[in-house]
Amino acid sequence: GAVVSQHPSWVICKSGTSVKIECRSLDFQATTMFWYRQFPKQSLMLMATSNEGSKATYEQGVEKDKFLINHASLTLSTLTVTSAHPEDSSFYICSARPGHNEKLFFGSGTQLSVL
Amino acid sequence: TQLLEQSPQFLSIQEGENLTVYCNSSSVFSSLQWYRQEPGEGPVLLVTVVTGGEVKKLKRLTFQFGDARKDSSLHITAAQPGDTGLYLCGGTSYDKVIFGPGTSLSVIP
C-alpha cells in the first residue's frame, strides 16, 4: 500500500522556538495533504488542507500565522509551528491523498512537547 | 458544520465478547471510513463504505453503511486483545475528511 513518511517522530523544544514537521508521500504523488492534531485519548482535529502549489485552507479557529503550511511539491508538505508554546504540545498527524481518490494514507505522527 | 458522533466513547470487554460501535451524523457523506489507531501511531484504514446499505466484512469485523449514508456501524465478533485500540470513523464530504471523537476499546484477556 501507499506510504506516507512523517518526520520527526517526536520533538522537544523550548517555548518560543519554531518547529518544522515534514510529511512525504513516498510512492505516490499527493495533490492534497491534510494536517491534523490530536490530544491524548481524543480524536483527530483537522487543522488545514494543503494543496500543491497553492495556499493552504485552514479550519476555523486555526491560526494560519501560527501554523505555517507549505506544499511545495507533489510529495512534500511541511507544517511549521512558529513561536511554540506549551499549549501547542500535541500529536500532529499528516495524511495524503493520491489525486481525487478519497482514500487517505496517514503518516505515523509527530509528538511535539514544548517546555 | 458537519459533525460525526461515535458511541460508546469508551468500551472495556472480556476476550471473546461481541461489540458494536456506532457512528452517526446529521449530514450525508459520500463515503465513510473506519480506522484503528494505536497510541503514538497514525490511524490505519480498515474499510471504506460508499453505497447506502452496504455491508463489508473483514475477518471478524463487519461494517455497515446506513441507507441514507449518514451513519455506520462496526461490529466485532469474538473480540481479542489485539483488537484493543482507538476506533475512528471518518466522513468524506467535498474535499476533506472529518473524524468522529473515537471509541477507545480495551479487550481484557
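Caption draft 1: Highlighting the overall build of chain B. Counting its regular elements, chain B contains zero helices and 11 strands. In chain B, the succession of α and β elements from N to C terminus is β-β-β-β-β-β-β-β-β-β-β. At 13 Å, chain B has a C-alpha radius of gyration in line with the 13 Å of a compact globule built from 109 residues. Along the longest, intermediate and shortest principal axes, the C-alpha atoms of chain B span 40 × 30 × 20 Å. The buried share of chain B, taken over its 109 residues, is 45%. Contacts in chain B between residues at least 24 apart in sequence constitute 53% of all its contacts with a sequence separation of at least 6. As displayed, chain B offers around 5,200 Å² of accessible surface, 51% of which is attributable to carbon and sulfur atoms. In chain B, which carries 8 positive and 10 negative side-chain charges, the distance between the mean positions of the two groups comes to 6 Å.

Caption draft 2: Focus on the side chain of A:Gln6. Residue and element names in this part refer to chain A. By the secondary structure assignment, Gln6 is in strand 1 (residues 4-7). At 3.1 Å, the side chain of Gln6 forms a polar contact with the backbone nitrogen of Cys94. A distance of 3.1 Å separates polar atoms of two side chains, one belonging to Gln6 and the other to Thr110. Residues in contact with Gln6, not counting those within four places in the same chain, are Ile21, Glu22, Trp35, Tyr92, Ile93, Cys94, Gly107, Ser108, Gly109 and Thr110.

Caption draft 3: Quick peek at the sheet that holds strand 3 (residues 19-25) of chain A. Residue and element names in this part refer to chain A. On the basis of which strands lie adjacent, the open sheet formed by four strands has the order 1-3-8-7 and antiparallel pairing. Edge positions in the open sheet fall to strand 1 and strand 7 (67-73), since each of these has one partner strand only. Across the sheet, the mean angle from the axis of one strand to that of its neighbour is 15°, orientation sign disregarded.

Caption draft 4: Expanded view of the interface of chain B and chain A. Taken together, the 19 residues of chain B in the interface contact 20 residues of chain A. When the two sides are added together, the surface that chain B and chain A hide from each other amounts to roughly 1,500 Å², 53% of it contributed by carbon and sulfur. Taken together, the links from chain B to chain A amount to one salt bridge. Of the charged contacts, one joins A:Glu59 and B:Lys96 as a salt bridge, the two residues approaching to 3.1 Å between their closest N and O atoms. Linking chain B to chain A there are four residue pairs in polar contact (both at pLDDT 80 or more).

Caption draft 5: Quick look at unusual backbone geometry. Omega for the peptide link from A:His7 to A:Pro8 comes to 0°, which places this bond in the cis form. Here A:Pro8 shows up in the loop between strand 1 and strand 2 (10-13). Residue B:Pro8 is reached from B:Ser7 by a cis peptide bond, and omega for that bond is -10°. Examined against the element boundaries, B:Pro8 turns out to sit in the loop between strand 1 (5-7) and strand 2 (10-14). Positive phi, close to 45°, is recorded for A:Ser83, a residue that is not glycine. Position of A:Ser83 relative to the elements: it lies in the loop between strand 8 (76-81) and strand 9 (90-98). We classify A:Ser83 as partly exposed; its relative accessible area is 33%. In this structure, B:Lys59 is a non-glycine residue whose phi angle is positive, near 55°. Within the secondary structure layout, B:Lys59 lies in the loop between strand 6 (55-58) and strand 7 (61-65).

The rules behind these values
Sequence order as written defines the numbering, with residues in each chain counted from 1. Starting at A for chains and at 1 for ligands, labels are handed out in the order in which the entities are written. Two thresholds apply to this predicted model, a pLDDT of at least 70 for residue-level local features and 80 or more for giving and counting side-chain atom pairs, whereas whole-chain, interface and lining totals are computed over all residues. The basis for every side-chain value is the complete set of non-hydrogen atoms in the structure, without hydrogens or water. The numbering of helices and of strands both runs from the N terminus, where a helix is a DSSP run of H or I of at least 4 residues and a strand a run of E of at least 2. For this measure, only C-alpha atoms enter the radius of gyration; the expected value for a globule follows 2.2 Å times N^0.38, where N is the number of residues. Under the scheme applied here, a residue whose accessible area is under 20% of the maximum for its type counts as buried, over 50% as exposed, and between as partly exposed, the area being computed with a 1.4 Å probe on protein chains only. In this analysis, two residues are considered to be in contact whenever any of their non-hydrogen atoms come within 4.5 Å of each other. Reported accessibility uses the Shrake-Rupley method at a 1.4 Å probe radius. Residues are deemed covered only where the shown protein chains occlude them. When charges are counted, Lys and Arg contribute as positive and Asp and Glu as negative, whereas His and the chain ends are disregarded. Taken as the charge centre is NZ of Lys, CZ of Arg, CG of Asp or CD of Glu, depending on the residue. We call two N or O atoms a polar contact when they sit within 3.5 Å, provided that within protein one can donate a hydrogen and the other can accept it, with sequence-adjacent residues counted only if both atoms are side-chain atoms. At least two DSSP bridges between two strands are needed for those strands to be called paired. Note on method: axes are straight lines fitted to C-alpha atoms, helices fitted across the in-contact stretch only, with angles between N-to-C directions ranging 0 to 180 degrees. Two parts placed together each lose some accessible area under a 1.4 Å probe, and the buried area is that loss summed for both. Salt-bridge detection follows one rule: a side-chain nitrogen of Lys or Arg within 4 Å of a carboxyl oxygen of Asp or Glu.

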